[in-house]
Amino acid sequence: MGINNKWMRAAVPALLIHCSIGTVYCWSTFKEAIATKIGMSTFSVGWAFSLAIFFLGMSAAFAGRMVERDIKKSSLISCICFTAGMLGTGVFIQFFTGIAALIGIFICYGCIMGIGLGVGYLTPVKTLMLWFSEQKGLATGISIMGFGLAKAIATPIMEAIQNSLGISAMFYILGAVYFLMMMLGHFLIKKPDGWVEPDGVKSEFKPLEMFKNKVFLGIWLMFFINIHCGLALITYEKQIIGVTFEGMAVVAAMISIVPSVTAAFNALGRIGYSTLSDKMKDRNTVYKIIFATSIGVTLLALAPFAISNGHKSIIFGAIVILLLCTVNLGYGGGFSTLPALLSSRFGMDKISKIHGLALSAWAVAGLTGNNMSEIILKTTGQKYDCILIATLAFYSAAMIICLTMVNNKKKA
């Protein structure tokens, strides 16, 4: 058999690529260290992460055609851009300060690395669904789980390198490690023997026309909302836990443990929900479950705020942790189920292009999610319950869209 099988040609390279680029979600681990080193505020440095997510989504939207035609080319571009962005970020942190350093980080971490993220995220997906034709949800779940697991795996490694060698060295070392991992993925990845992309796909696909399609627009909107709400809460996990357990002896332990627990739920959602979708008549049912559970737990977390000092109790702390775990579970599941849902509505012929276009919702959410929380906290005097109210409204809108615009099994 050799290496020419679905595991070595699809699953392993997908994990190598996604476990590398997924470290973008480790941003909170080193953003304060970067701000301190270059002498800028954490808020201004935070735009590097927003730019990375924006360029991730937009590059995926425009790279679909290239990925469809040549996954070898796209995997190589991803490797070069992602690792060059990391190394460049290390250079600007080490040798520059102030605005010059900030602009360099925006270019390297935000733009260049962001392009590598988007192209790399999209590259393995169709190949996986071709090799795992009867288990598309499981296949994409394996890959995208790697993206979610990257945070849990890399965070302690990053902290150890930072503490011993410094923040710049962390980017140099990990940039080199991820280059080797992604190059190995590049050499291994391959579509099944005999698969030929259909002729005429290039001329038939019109991106702007897709947004006139009710089903695609509905999928785009609910995907956007799920990411928007997820980022609004996930990027403030430490702060939310700190406020929830303020004055309690367990606060330090909670702040250190919860991010690893929520990262595990994020990864579990990626493999669990997508695999579950393989056993359902309509993959859209997964999104109904995601939004229903998110709405329910958010309402549960809001209830104690109506009671004086309710947010200082251990019980409320447990509810908030449950909320963060539920949001992470649905956040990951929304990503991994998306390709299979799109293929159930639009077929496999143009799936890389359509999936890439749908990921533009990620680009927009990368700019709106965490910034919505920032604005709410500034205007309300650090009231985290107002973030929950806002996300509840968004999740409710997503459920309506899910039940009306997308609740149709007929292919578009």
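Residues numbered from 1 in each chain as written. Predicted model: local features only at pLDDT ≥ 70, side-chain atom pairs only at ≥ 80, totals over all residues. Heavy atoms only, no water.

## As for the overall build of the chain
At step 1: Scanning the chain for helices and strands turns up 17 helices and zero strands.
At step 2: Against the compact-globule benchmark of 22 Å for 412 residues, the chain has a radius of gyration of 21 Å, which places it among compact chains.
At step 3: Reported as C-alpha extents along the three principal axes, the dimensions of the chain are approximately 65 × 50 × 40 Å.
At step 4: The burial tally for the chain puts 58% of its 412 residues in the buried class.
At step 5: Within the chain, contacts between residues separated by at least 24 positions form 84% of all contacts whose residues are at least 6 apart in sequence.
At step 6: Entry remark: accessible area of the chain is about 16000 Å², with carbon and sulfur atoms responsible for 70%.
At step 7: Taking the average location of the 32 positive side-chain charges in the chain and that of its 17 negative ones, the two points are 3 Å from each other. (Helix = DSSP H or I, 4+ residues; strand = E, 2+ residues; numbered from the N terminus. Rg over C-alpha atoms; globule rule 2.2 N^0.38 Å. Buried < 20%, exposed > 50% of the residue type's maximum accessible area, 1.4 Å probe, protein only. Contact = heavy atoms within 4.5 Å. Areas by Shrake-Rupley, 256 points an atom, 1.4 Å probe, with all protein chains shown as cover. Lys, Arg positive; Asp, Glu negative; His and termini not counted. Charge placed at Lys NZ, Arg CZ, Asp CG, Glu CD.)

## As for the pattern of salt bridges
Once their charged atoms are close, side chains differing in charge can pair, the charge on each being opposite to the other.
At step 1: One pass over the full model with this rule turns up seven salt bridges.
At step 2: Salt-bridge contacts for R345 lead to D282; the nearest nitrogen and oxygen are separated by 3.0 Å. Of this pair, R345 sits in helix α14 (residues 314-346) while D282 sits in the loop between α12 (251-277) and α13 (284-302), placing them 63 residues apart in sequence. For the pair R345 and D282, one class covers both residues: buried.
At step 3: As a salt-bridge pair, K378 and E374 come within 3.9 Å of each other at their nearest N and O atoms. One end of the pair, K378, and the other, E374, are both in helix α16 (residues 360-380), four residues apart, so they sit about a helical turn from each other.
At step 4: Look at the salt bridges and you will find they share partners, linking E68, K126 and K353 into a network. (Salt bridge = Lys/Arg side-chain N within 4 Å of Asp/Glu carboxyl O.)

## Some words on helix α10 (residues 214-234)
At step 1: The end-to-end C-alpha distance of α10 is 30 Å, a good match for the 30 Å that 21 residues give at a rise of 1.5 Å each.
At step 2: α10 sits mainly inside the fold: 18 of its 21 residues count as buried.
At step 3: Structurally, the start of α10 carries an N-cap: the backbone nitrogen of V215 is 2.9 Å from a side-chain oxygen of N213. (Expected span 1.5 Å × (residues − 1). Polar contact = N/O pair within 3.5 Å; in protein donor to acceptor, adjacent residues only side chain to side chain.)

## Things to note about the nonpolar core
At step 1: Counting 118 residues, the largest nonpolar core has V24, F30, I34, Y109 and W362 as its most contacted members.
At step 2: Apart from the residues lying within four places of it in its own chain, the contact partners of I34 are W27, V45, I93, I105, I167 and F171.
At step 3: In terms of nonpolar packing, the next biggest core, distinct from the first, is built from nine residues, A11, L128, A139 and I271 among them. (Core = buried A, V, L, I, M, F, W, Y, C linked by side-chain atoms within 4.5 Å.)

## Considerations on a nonpolar patch on the surface
At step 1: A cluster of nonpolar side chains, namely I99, I103, I107 and I112, defines an oily patch on the protein surface of about 340 Å² accessible area.
At step 2: Within the secondary structure, I112 is located in helix α5 (residues 98-131).
At step 3: Taking the relative accessible area as the measure of exposure, I112 reaches 31% and is therefore partly exposed. (Patch = residues over 30% accessible without salt bridge, like charges linked within 9 Å, V, L, I, M, F, W, Y side chains within 5 Å.)

## Topic: the packing of aromatic side chains
At step 1: Taken as a whole and assessed by the stated rule, the structure comprises 27 aromatic pairs.
At step 2: Ring plane angle 65° and centroid distance 5.8 Å describe the contact between F147 and W362, whose orientation is recorded as edge-to-face. In this pair, F147 sits in helix α6 (residues 136-165) while W362 sits in helix α16, placing the two residues 215 residues apart along the sequence.
At step 3: Using a relative accessible area of 0% as the deciding quantity, one classes F147 as buried. (Phe/Tyr/Trp six-rings, centres within 6.5 Å; stacked < 30°, edge-to-face > 60°.)

## Let's talk about helix α15 (residues 351-358)
At step 1: For α15, a buried count of eight out of eight residues is recorded, marking the element as mostly surrounded by other parts of the structure.
At step 2: Residues I351, S352, K353, I354, H355, G356, L357 and A358 constitute the buried set of α15.

Function cannot be inferred from these measures alone, as they are strictly geometric.
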